[in-house]
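Overview (structure and organization)
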Amino acid sequence: MNENSFMALIHNAIGIMTPFLLAATGGLFTELAGMLNIALEGLMLIGAFFSVVFAATTGSIFLGILLGVLAAVLVSLLFGSISLYLKADIFICGLATNLLASGLTMVLAFQLYGNKGVIRFDNIPALPVLNLPFIQDLPVLGALLSGHNIMVYISWLILIIAAVVIYHTPFGQRIRGTGLGSPTITALGLNPTGYQLKAILISGLTCGLAGAVLTLNLAAFVPNITAGRGWIALVVIYLGNKTPLGILAASFVFGLADSVANFAQGAINIPADFFLAFPYIITVLAMVGYSIWKTHRVKV
Amino acid sequence: MQPTADHKIGAVSRIKSLNLGLIRILKMERRGKLSNFLATTFGLAVTLGVAYLLAIILIFFLSKDPGRTIYYFFLGPFTNMYYFGNMLNASVPVALAGLGIIIAFKSSMFNLGGEGQIYSGALVVTAVCLALPGMNGYLGVFLGLAAGMAAGGILAGLSGFLKMKWGTNELISSFMISGAAVLIVNYFITGPMDDPINNLLATCRVGDQYCLMRIFRPSNLNIGAVLAILMTGLVYFLMYYTRWGYEIRMCGENREFARYGGINISVYMVLPMILSGALQGLAGGVVVLGTHHMVIKEFTIGIGWKGIAVALVARNQPLGAIPAAILFAYLDAGAKAAMIHSDVTYEISSIIQSIIFYLVTAQAIYSFVSRRRKEKDPA
């Protein structure tokens, strides 16, 4: 492997990590608010489907993303209301959301396009690629950090906003207080359920964006295109130790793993199914490694 | 309404309390048998009522001929013996998978890997039967199913082992392992074990002596159904009349308390998962030997999720698994009939199923009845 292909590997990894990073950023809010949000996968799928469909019907990428995110937020509202106000088990509601997403997208795909397979859209403009001023002129960093599509930069921006909100605003502290089960929240006369719902809506928003990245990059919808990415995002949150910087690093690791697998598939002949199974296996190994590290740390 | 336990869930023990919370919901906190029974019945009725109402609304939106679609959606499974028998047959693996999930839930372990365990079980059963083409039918079926159960048990047991050893969250690990298993089974079906003669993405057909006897022709219903009934009895006996079952339930109620009582709780993180996975593997094996006689690509997908739905609707009672499985098979069969005879696609059943998932644990619905009764009759 020469230097160029190594750079390309990292550059690809930064592109591939974007959906993980976006979904994990929203998932961080629900995690800090004390909820195990396994609906990330389904919310992402909703965002993926509706953003590409609306982008194709309106001819505008921006409107497509906006309406796709709106759809994901609406589904997260359904998910949040049922689990918080009807007091249903949040984990089972998460399963319900994932099932709803895969059923709804299939039914609508069949209804709108008469097709339950891959749906290609020809009239979708590509996501704009940005070259960062100043940074693009730097020797190594320029090649790595510049020249990505706009969603990559949006995901970084959202991560920064999330970090500020979580650590430096009353809202963020109340979310964390809710997750710690602190009685202070109720003692202050605040409503913890309201904060939990807001956290769920935030996860809907970022998962919607994460889904949009997947389909708008391809200009196509593939059934169950998320392929476990929502679950990986959940693992990313744990591996990142529930901090914004941590999830950035963990997303990059998964992005790099995917990028290496892509490269390996081109270079050596691996059956496609093994290649598809690779993210799942890596995720399990990463989780096991993390829990070993954690038990070890507790003992010391 | 006071802000109570709901908000006091600590971050550290969150997943544990989540599990315990679910178990509590499933047990409906015994308030008195009649009230409890009424609440459960009322809650399930509301859940199913809302789900089917939404189904009707959805069909009006989606179908050009809603009357015809609704007719087939609700009555399709009863229009002929073939559909009816196939509906019952479809409930067999779902009931077995549901029983497996019940064992895991009872010990407050989560097995989300049903899909992969069922699919792997199906593949292994087929592989064993294909490897022993000339064996006696009974022995071959026994060996095949045992191997399939072992495959499912190993996959699920691995998650239990990781949980016991290092506290790895079994919910995510079982799902991820299952996801990988599905893809690897796909590789075998389309690669080394593909039958080059048939045009399906499927393995070769197993020998005739291994095919389970059909008991309701012309439908596919076979003696696998008897196996599901036997297994229900066995799981019921295991859970309520044996030491294992007692200790599994103790661990499910309160793991710390069980440990204090001298129960080896490590064992009960792995054993229930193994039993759970074994029943998933059996479900896959029954689909192969009873219905298709080969593994077709992704033909068992969906059974695992239905198994979880069954455990929830059956309120974690083994005896409720078969009725709940028939309910979901009916939902599926109706959607299939509506697809064949009208213009909607089969996936509407996933949407209805998701509504049931959403509402089945909604405490607000269930406590409604008990609250009303308490107000009327303070004694």
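See above for the structure.
Structure report, in brief. (Residues numbered from 1 in each chain as written. Chains lettered and ligands numbered in written order. Predicted model: local features only at pLDDT ≥ 70, side-chain atom pairs only at ≥ 80, totals over all residues. Heavy atoms only, no water.)

Residue and element names in this part refer to chain B. Running from amino to carboxyl end, helix 5 (residues 114–131) crosses helix 11 (residues 267–292) at an angle of 55°, the nearest separation of the two axes being 7 Å. As judged from the angle between their axes, helix 5 and helix 11 are oblique. Like other packed secondary-structure pairs, helix 5 and helix 11 cross with a definite hand, here right-handed. Residue-level inspection shows Gly-114, Gln-117, Ile-118, Gly-121, Ala-122, Val-125, Thr-126 and Cys-129 of helix 5 in contact with helix 11, the latter providing Gly-277, Gln-280, Gly-281, Ala-283, Gly-284, Gly-285, Val-288 and Leu-289. (Axes fitted to C-alpha atoms, helices over the stretch in contact; angles between N-to-C directions. Helix = DSSP H or I, 4+ residues; strand = E, 2+ residues; numbered from the N terminus. Parallel < 35°, antiparallel > 145°, perpendicular 65-115°, else oblique. Left-handed = near helix turned anticlockwise from the far one by under 90°. Contact = heavy atoms within 4.5 Å.)

In this section: the packing of aromatic side chains. This structure, assessed with the given rule, holds 28 aromatic pairs over all chains. Judged by centre distance (6.1 Å) and plane angle (25°), the rings of Phe-50 of chain A and Phe-54 of chain A are stacked. One end of the pair is Phe-50 of chain A and the other is Phe-54 of chain A, both in helix 2 (residues 40–58) and four residues apart, which spans about a single turn. In this structure Phe-50 of chain A comes out as buried when scored by relative accessible area, which is 16%. We classify Phe-54 of chain A as partly exposed; its relative accessible area is 28%. When the ring of Phe-105 of chain B is compared with that of Phe-110 of chain B, the centres are 5.1 Å apart and the planes differ by 65°; the resulting orientation is edge-to-face. Overall, the relative accessible area of 2% leaves Phe-110 of chain B in the buried class. Sitting above the plane of the Phe-110 of chain A ring, Lys-116 of chain A keeps its charged end 5.8 Å from the centroid. Stacked on the ring of Tyr-195 of chain A, the Lys or Arg Lys-198 of chain A has its end atom at 5.0 Å from the ring centre. (Phe/Tyr/Trp six-rings, centres within 6.5 Å; stacked < 30°, edge-to-face > 60°. Buried < 20%, exposed > 50% of the residue type's maximum accessible area, 1.4 Å probe, protein only. Lys NZ or Arg CZ within 6 Å of the ring centre and 35° of its normal.)

This part takes up the pattern of salt bridges. Scanning the model with the defined rule gives seven salt bridges over all chains in all. Across the salt bridge formed by Glu-31 of chain A and Lys-242 of chain A, the nearest N and O atoms sit 3.4 Å from each other. A residue pair is termed long-range when its members are at least 10 positions apart, and Glu-31 of chain A in helix 1 (residues 3–32) and Lys-242 of chain A in the loop between helix 10 (229–239) and helix 11 (244–267) qualify at 211 residues. For Arg-243 of chain B, the salt bridge goes to Glu-247 of chain B, with nearest N and O atoms at 3.0 Å. Of this pair, Arg-243 of chain B and Glu-247 of chain B both sit in helix 9 (residues 243–253), four residues apart, which is roughly one turn of the helix. Among the residues examined, Glu-247 of chain B registers a relative accessible area of 11% and is labelled buried. (Salt bridge = Lys/Arg side-chain N within 4 Å of Asp/Glu carboxyl O.)

This part is about helix 4 (residues 81–106) of chain B. Residue and element names in this part refer to chain B. For helix 4, built from 26 residues, the straight-helix expectation of 38 Å at 1.5 Å per residue is met to within 8% by its first-to-last C-alpha distance of 37 Å. Counting buried positions along helix 4 gives 21 out of 26 residues, so the element sits mostly inside the fold. One side-chain oxygen of the residue at the start of helix 4 lies 3.1 Å from the amide nitrogen of Tyr-82, identifying that residue as Asn-80. One or two positions beyond helix 4, positive phi appears at Ser-108, with a value near 50°. (Expected span 1.5 Å × (residues − 1). Polar contact = N/O pair within 3.5 Å; in protein donor to acceptor, adjacent residues only side chain to side chain.)

One finds Phe-73 and Leu-289 of chain B to be the most contacted residues of the largest nonpolar core, which totals 197 residues. The residues contacting Phe-73 of chain B, other than those within four sequence positions of it, are Tyr-52, Ala-55, Ile-59, Tyr-330, Leu-331, Gly-334, Ala-335, Ala-338, Ile-348 and Ile-352 of chain B. In terms of nonpolar packing, the next biggest core, distinct from the first, is built from five residues, Met-7, Ile-10, Ile-14 and Leu-144 of chain A among them. (Core = buried A, V, L, I, M, F, W, Y, C linked by side-chain atoms within 4.5 Å.)

Residue and element names in this part refer to chain A. Over its 24 residues, helix 4 (residues 90–113) runs 33 Å from end to end, which matches the ideal 34 Å to within 8%, given 1.5 Å per residue. Counting buried positions along helix 4 yields 19 of 24 residues, so the element is predominantly enclosed. Capping the start of helix 4, Asp-89 holds a side-chain oxygen 3.1 Å from the backbone nitrogen of Phe-91, two or three residues further along. At the exit of helix 4 stands Gly-114, carrying a positive phi of roughly 60°.

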